Amino acid sequence: MATLVLFAALGLPTRWPTAAAGGAVPSLALYLTEPAEVAGLRSALLAAGASIAHEFPAAGFIAQGPQWLPEAMAGQGAARLVATTAVDPERAAALGVAARAAAVAWNAIVDWSMGDALAALGGAEDLAPPPGDTLVPDDVPTLAAQAFDQSLYQQSEYLIGRIVVNIVLPESDGSLDASTEDWSSAEEQLVLQQVVKALEWWRSMELRAGLEFVYNGPIRVPVSYEPISRPHTDERLWISQAMEKLGYSHPSYITAVRKFNSAERARHGADWAFTVFVVDSSSDADNRFSDGYFAYAYLFGPFCVMTYGNDGYGPENMAAVLAHEVGHIFGALDEYAEANVPPSAIGGYLGVPNLNTEAGGQTNYPCIMRGGIRPFLDKQLCPYSAGQVGWRDTDGDGILDPVDTFPAVSISVQTDATSTTVRALVEDQPWPSPQRLPISINKIAGAEFRANDGRWLPLPHAPGTPEGGNTAEFGAVLPPAPQGEWVLEVRSSNTVGNTGRASARLSVAQGEMRPSVNLAMSVEVDGQTLIIRGESSCTGSCGFIQVALARLDSGEWFALTPTDGAFDSPREALYGELSAPAGGKHAVEAVAWASSPWAEGGVWAGEFTAADDPEPTPQPTSTPTSSPSTTTLPVASGANTSLYVPLVWR
């Protein structure tokens, strides 16, 4: 199948970063493919440096990346349809129903205007917000209860990270209530379109939140009730049935939804999950439940409920209503006067006061939490609502507070005549919440260790312990420690790059002396080539030479190559080449390490003078040294981790 490519400039009302890698400005694009190829497309996008914004599991992605990315993805065939402008949904339909629905949702993002939104205002300032739309779930156990399960009762603590959005459409079957509503395919697609548009609104408001939405649905579920003909309090009847049909039952229908969310969150590897129930009201006179409600959400989830027409908003403006309700799902409070939420009320995981409320607040910012269409169209979010959903950066480091966490590391060391065992337990410490049970979505990225300020080496996960969580165990069995006083350090980083460390002291009274590495190098300029050659050797039980690097004039480190083609011996002849520098005096450095973590690394430094018209001229070498300063060692966390070699001792 050929790739359909639709390229053009896409101007969205989004606060993009001013530059990206390579100087390109990031932009959104649609990437669709066959259902069986979605996982491969995701890998290709991530490998190219893109960030996923919206995921349609059976169709593809809306992703943000450099401007050259859409053409590259189309050129290599990673996607079957790539677009930066509006798409004819029927072209996408060749890839399946899900792809067509994704294209419809994409088109709503491209055209940010909202149907008849302005006309619906009818000269009024705005439409009325949903009345009494913030509910508190009654199924949450006390925080001290042993049964408190974070996977069930903390599913939307702050609006950061990867989030599963379940979209459920109850369909009355006429078996109990008269069936007055029937979902159509067009209505179903419009629901998905409006949900995606509402969540893109939030995503675009704070790119540091790294929001990535995964859509499960819309799912039509038969129920024996006609929800729109009943009061909103009868939700327990039809939601219980819907959850049972989906395989989740519980004496509390709210907990049943939590179980549904939890399963989908685990299935998609997400940080959070919530459910949107949309009740068909296309044949209903006022698009309200019988008691006047039309949209509401439970504070901190697990779900919100909307009617298809949403009172006077209409289906085409559903996104404005849902954006408001999503604020509640992630802890934001109402600010419109009729809600009567005082400024003293504390909202969200971070415990931010409701100072922008119309009920006696101190500020008067236009804001999505005041309801209506205008704040959605104009992208208006006050700083207090932003803080309540977790968007605050106290120290200004570019990392939002709820995820600006640090790993706590504990270390234990045991030694005898045959081995030394290092173990570490790493737990990410959640940002403390003044009113919620602290929770972190950061994962432990890995751990490293070193002995006596030597080079950092990767510390493997302990066998049989899970990876990818916010708690991890690491360990390694090392050769016996040499004689002397040792300080063993372990450091670990989390997914935002924050690091924690711990150390333990070890005293060894008997044993061999500490092995060390020596370097003897020379430099010569041969025409336009700078040649570095020499030998590295280690003494004692150092294993074998494992890594050797060099650099010119404090530039980038590059690898020196063993002349026999492999690092497999305690003595290695080394060779490396660079382009010859301009005339004048230059400095060259080289470093080398052995495979034993106890061995002292070797450092060599020398100078040479390059002629303006270089000729082959041998240069003198300096005296080899050991005990390298840690500030000169290039191998550290981050960019140089590719230089790591698995721990092997021979």
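Because the structure is predicted, anything quoted here is derived from the model rather than measured. (Residues numbered from 1 in each chain as written. Predicted model: local features only at pLDDT ≥ 70, side-chain atom pairs only at ≥ 80, totals over all residues. Heavy atoms only, no water.)

S.K.: Quick question: what am I supposed to make of the overall build of the protein chain here?
M.R.: When you go through the protein chain residue by residue, the secondary structure sums to twelve helices and 30 strands. Per-residue burial over the protein chain gives 55% buried out of 650 residues. As displayed, the protein chain offers around 25900 Å² of accessible surface, 51% of which is attributable to carbon and sulfur atoms. (Helix = DSSP H or I, 4+ residues; strand = E, 2+ residues; numbered from the N terminus. Buried < 20%, exposed > 50% of the residue type's maximum accessible area, 1.4 Å probe, protein only. Areas by Shrake-Rupley, 256 points an atom, 1.4 Å probe, with all protein chains shown as cover.)

S.K.: Explanation requested: the confidence of the model for the protein chain in the structure shown.
M.R.: Fine structural detail should not be taken from predicted coordinates in areas where pLDDT scores are low. Taken residue by residue, the protein chain gives an average pLDDT of 88. The fraction at 70 or more is 87%. Per-residue pLDDT stays below 50 along residues 7-25; that stretch engages in 43 contacts with residues further than four places along the chain or on separate chains. In this model residues 616-650 is a low-confidence stretch, pLDDT under 50, and it forms 83 contacts with partners more than four residues away in sequence or in other chains. (pLDDT = per-residue confidence, 0-100. Contact = heavy atoms within 4.5 Å.)

S.K.: Just to check I follow, could you spell out the pairing of strand 23 (residues 545-552) for this structure?
M.R.: Looking down a regular strand, the side chains alternate between one sheet face and the other. In terms of burial, strand 23 is largely enclosed, as eight of its eight residues are buried. Two strands pair when backbone bridges link them, and strand 23 and strand 27 (residues 584-594) are joined in this way by seven bridges, in the antiparallel orientation. Its bridge partner being in strand 27, Ile545 is matched across the sheet by Ala594. Where strand 23 meets strand 24 (residues 558-559), two bridges bridge the pair, whose relative direction is antiparallel. Looking at the pairing, Leu549 lines up with Ala559 of strand 24. Here strand 23 folds back onto strand 24 in antiparallel fashion, the turn holding five residues, of which Asp553 has a positive phi close to 50°. (Pairing = 2+ DSSP bridges.)

S.K.: Just to check I follow, could you spell out the environment of Met205 for this structure?
M.R.: Along the chain, Met205 falls in helix 7 (residues 185-205). For Met205, a relative accessible area of 8% translates into the label buried. Between the alpha carbons of Met205 and Lys379 there is a distance of 7.6 Å; along the sequence they are 174 residues apart.

S.K.: Any chance you could explain the state of the cysteines here in plain terms?
M.R.: Put plainly, two cysteines are in a disulfide when a covalent bond ties their sulfur atoms together. With the rule as written, the count across this model stands at one disulfide. Put simply, Cys538 and Cys542 are joined by a disulfide, and their sulfur atoms are 1.9 Å apart. Its S-S torsion of approximately 55° makes the covalent link between Cys538 and Cys542 right-handed. Taken individually, Cys538 and Cys542 each receive the classification buried, so the pair is uniform in this respect. A disulfide-free cysteine, Cys367 has its sulfur positioned 3.4 Å from the sulfur of Cys382, the nearest such atom. You can call Cys367 buried: its relative accessible area is 1%. (Disulfide = S-S within 2.5 Å.)

S.K.: For this particular structure, what's the right way to read the pairing of strand 4 (residues 60-65)?
M.R.: By the criterion of burial, strand 4 is predominantly enclosed, with six of the six residues buried. Both strand 2 (residues 27-32) and strand 4 contribute to a ladder of six bridges, which runs antiparallel. Pairing of Leu30 across the sheet is with Ile62, part of strand 4. Pairing geometry for strand 3 (residues 51-56) and strand 4, over five bridges, is antiparallel. Bridging across to strand 4, His54 finds its partner in Ile62.

S.K.: Just to check I follow, could you spell out the packing of aromatic side chains for this structure?
M.R.: Here the distance between the centres and the angle between the planes together describe a pair of aromatic rings. Within this structure, the stated rule accounts for 17 aromatic pairs. A centroid spacing of 5.9 Å and a plane angle of 90° characterise the contact between Phe274 and Phe330, whose relative ring orientation is edge-to-face. With Phe274 in strand 9 (residues 272-279) and Phe330 in the loop between helix 10 (318-329) and strand 12 (346-347), this pair connects stretches of sequence that are 56 residues apart. Note on accessibility: Phe274 and Phe330 belong to one class, buried. Arranged with centres 6.5 Å apart and planes meeting at 50°, the rings of Phe289 and Tyr296 form a pair that is tilted. Like Tyr296, Phe289 is buried. Residue placement shows Arg436 over the ring face of Phe300; its charged tip is 3.7 Å from the ring centre. (Phe/Tyr/Trp six-rings, centres within 6.5 Å; stacked < 30°, edge-to-face > 60°. Lys NZ or Arg CZ within 6 Å of the ring centre and 35° of its normal.)

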